[in-house]
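Spelled out from the first residue to the last, the chains are:
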Amino acid sequence: MAIATPFERIWTAALIVIGDEILSGRTQDRNVAQLATWLNVQGIRLAEVRVVADRTDAIVEAVNTLRARNDYLFTTGGIGPTHDDITVDAISEALGVAVIEHPEARAVLEQYYATRGGVSAARARMARTPEGASLIPNRVSGAPGIRIGNIFIMAGVPHITAGMLDALTGTLEGGRPVVSGTIGCWVGESEVAELLRNAEKAHEGVAIGSYPFFREGRTGANFVVRSPYQDQVDACLRDLTAALEADGRDVIAGGI
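Keep in mind that this is a model prediction, so the values were computed, not measured. Just so you know, the residues in each chain are numbered from 1, in the order the chain's sequence is written. Reporting in this predicted model follows two pLDDT cut-offs: at least 70 for local features of residues, and 80 or more for side-chain atom pairs to be given and counted; totals over whole chains, interfaces and linings ignore these cut-offs and use all residues. The side-chain values count all of the structure's non-hydrogen atoms but skip hydrogen atoms and water molecules.

Visitor: Is there a simple way to think about the layout of surface pockets in this case?
Guide: Here the idea is plain: a probe the size of a water molecule rolls over the atoms and shows the empty space left. Here a cavity is any set of points on a 1 Å grid over the protein atoms alone where a 1.4 Å probe fits but cannot get out, and a pocket is any open set with protein on both sides within 12 Å along at least 5 of 7 lines; a residue lines the site when it has an atom within 4 Å of a point. Grid points are joined across faces, edges and corners, and a volume is the space filled by probe spheres set on the points. Approximately 470 Å³ is the volume found for the second largest pocket. Forming the boundary of the second largest pocket are 33 residues, of which Gly 77, Gly 78, Ala 155, Gly 156 and Val 157 lie nearest the centre. Under the DSSP-based scheme used, a helix requires at least four consecutive residues in state H or I and a strand at least two consecutive residues in state E, with every element numbered from the N terminus. Only β1 (11–18), α1 (20–24), α4 (87–95) and α7 (158–168) provide two or more residues apiece to the lining of the second largest pocket. In terms of residue count, α7 provides more of the lining of the second largest pocket than any other element does, 3 residues in total. Split by residue class, the lining of the second largest pocket holds 15 nonpolar, 11 polar and 7 charged. Under this grouping Gly is polar, as are all residues other than the nonpolar Ala, Val, Leu, Ile, Met, Phe, Trp, Tyr, Cys and Pro and the charged Asp, Glu, Lys and Arg.

Take a look at the structure:
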């Protein structure tokens, strides 16, 4: 059985979702889920998410806090062509560097917009980066994402973000991807809370998430077991299933 040592490296990332439209409810964010899923495949855990307004002070504070306590920091939103797209300026301020027009970004935009009306002053804003940054390719809409240090500055539009993540696949250092397994029961989670605690305690390195629901006029819950090691997940699922069945519960493999 593979056992994680207490010294095994766990890589973490944070996400800052930037935009008044998210906070107002006008736009529903979908980037948290897709980033978390992508990071897991890279062996990196999404440790925290913060949603901030289009305010320089809020972005600066969030960037400096989260980049310091995580291996990687991702931001989504606020890198478009309009005056209120201030992410590049705010991150440059947080890092204490100048904003420049990146020559490679400008060349990408020139090529992309050659048959689309050319690079206007507004479109040229999308070539602005913090000094010292490199680019993240954007196959969808031309304007590249930005990488500087451990910070990845990405678009807010989910399908564009997805393309940028695809371009980054395999380029970040990470650890073991987290694997998971699920079982479900028609039971209130409070009725088996102690049983879940005991199962998690008995399997070091495993985390058990409980997700209750009300469906078909009944209360139920799905229990998701997570670990960097498949055999740990399997062992915990076997023991948890046995404990639930001994408690008189019908267990459904794969969840309800």
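Visitor: Looking at this model, I keep getting lost on the state of the cysteines. Mind explaining?
Guide: The disulfide criterion is simple: two cysteine sulfur atoms within 2.5 Å. Going through the model one piece at a time under the given rule, you end up with 0 disulfides. Looking at the unpaired Cys 185, the closest cysteine sulfur is the one in Cys 236, lying at 13 Å. Burial classification: accessible surface area is computed with a 1.4 Å probe over protein chains only, and a residue below 20% of its type maximum counts as buried, one above 50% as exposed, and the rest as partly exposed. Of the residues examined, Cys 185 reaches a relative accessible area of 0% and is grouped as buried. The exposure class assigned to Cys 236 is buried, which follows from its relative accessible area of 0%.

Visitor: Which parts of the structure should I look at to understand the pairing of strand β3 (residues 72–76)?
Guide: Looking down a regular strand, the side chains alternate between one sheet face and the other. With respect to burial, β3 is a largely interior element, 5 of its 5 residues being buried. Here β3 shows no split at all, with Tyr 72, Phe 74 and Thr 76 on one side and Leu 73 and Thr 75 on the other all buried. Bridge analysis of β1 against β3 gives 5 bridges, and the strand direction is parallel. Note on β3: the bridge partner recorded for Val 17 is Thr 76. Two strands pair if DSSP finds at least two bridges between them. In this structure, β3 lies alongside strand β8 (residues 151–154), joined through 4 bridges in parallel fashion. Bridge pairing in β8 places Phe 74 opposite Phe 152.

Visitor: Help me understand the sheet that holds strand β7 (residues 145–148), please; the structure alone is not making it clear to me.
Guide: Pairing between sheet strands relies on hydrogen bonds along the backbone, with the strands arranged either parallel or antiparallel. Judged by pairing direction, the sheet is mixed, and its 6 strands sit side by side in the order β2-β1-β3-β8-β7-β6 without closing on themselves. What marks the edges here is a single partner per strand, and that holds for β2 (44–52) and β6 (134–136). For this sheet, the mean angle separating the axes of adjacent strands, direction not counted, is 20 degrees. Any two residues whose heavy atoms approach within 4.5 Å are treated as being in contact. In this description, a line fitted to the C-alpha atoms serves as the axis of each element, helices being fitted only across the stretch in contact, and the angle between N-to-C directions of two axes falls anywhere from 0 to 180 degrees. Seen against the sheet, helix α2 (residues 31–41) touches β1, β2 and β3 and runs at an angle of roughly 160 degrees to β2.

Visitor: Mind showing me how you'd approach the packing of aromatic side chains here?
Guide: Geometrically, a pair of aromatic rings is defined through the distance of the ring centres and the angle of the planes. Put simply, two rings from Phe, Tyr or Trp (the six-membered ring, in Trp's case) pair if the centres are within 6.5 Å, and we call them stacked under 30 degrees between planes, edge-to-face over 60, tilted for the rest. Inspection of every chain in the model, using the stated rule, returns 6 aromatic pairs. On the numbers, 6.2 Å between centres and 75 degrees between planes, the contact of Trp 38 with Phe 74 is edge-to-face. Taken together, the residues span a long stretch of sequence, with Trp 38 in helix α2 and Phe 74 in strand β3 at a distance of 36 residues. Per residue, the accessibility class of Trp 38 equals that of Phe 74, and both read buried. With a centroid separation of 5.0 Å and an interplanar angle of 90 degrees, the aromatic rings of Tyr 112 and Tyr 113 are classed as edge-to-face. Among the residues examined, Tyr 112 registers a relative accessible area of 24% and is labelled partly exposed. Note on Tyr 113: relative accessible area 10%, which makes it buried. Taken together, the ring pairs in this structure connect Trp 11, Trp 38, Tyr 72, Phe 74 and Phe 152 into an aromatic cluster. Over the ring of Trp 11 we find Arg 9, and its NZ or CZ is 3.7 Å from the ring centre. The ring of Tyr 112 carries the charged tip of Arg 116 above its face, separated from the ring centre by 3.9 Å. Charges are assigned to positions over rings by a cutoff of 6 Å between ring centre and Lys NZ or Arg CZ, combined with an angular limit of 35 degrees from the ring normal.

Visitor: What's the story with the sheet that holds strand β10 (residues 207–215) in this structure? I'm lost.
Guide: Read from one edge to the other, the open sheet built from 4 strands follows the order β10-β11-β9-β12, with strand pairing classed as antiparallel. Each edge of the open sheet is held by one strand with a lone partner, namely β10 and β12 (251–253). Direction aside, neighbouring strands of the sheet carry axes that sit 25 degrees apart on average. Summarising the sheet, strand β9 (residues 179–185) and β12 pair through 3 bridges and their orientation is antiparallel. What sits directly across from Ile 183, in β12, is Ala 253. Where helix α9 (residues 230–246) meets the sheet, it contacts β9, β10, β11 (218–227) and β12, and its direction lies at approximately 10 degrees from that of β9.

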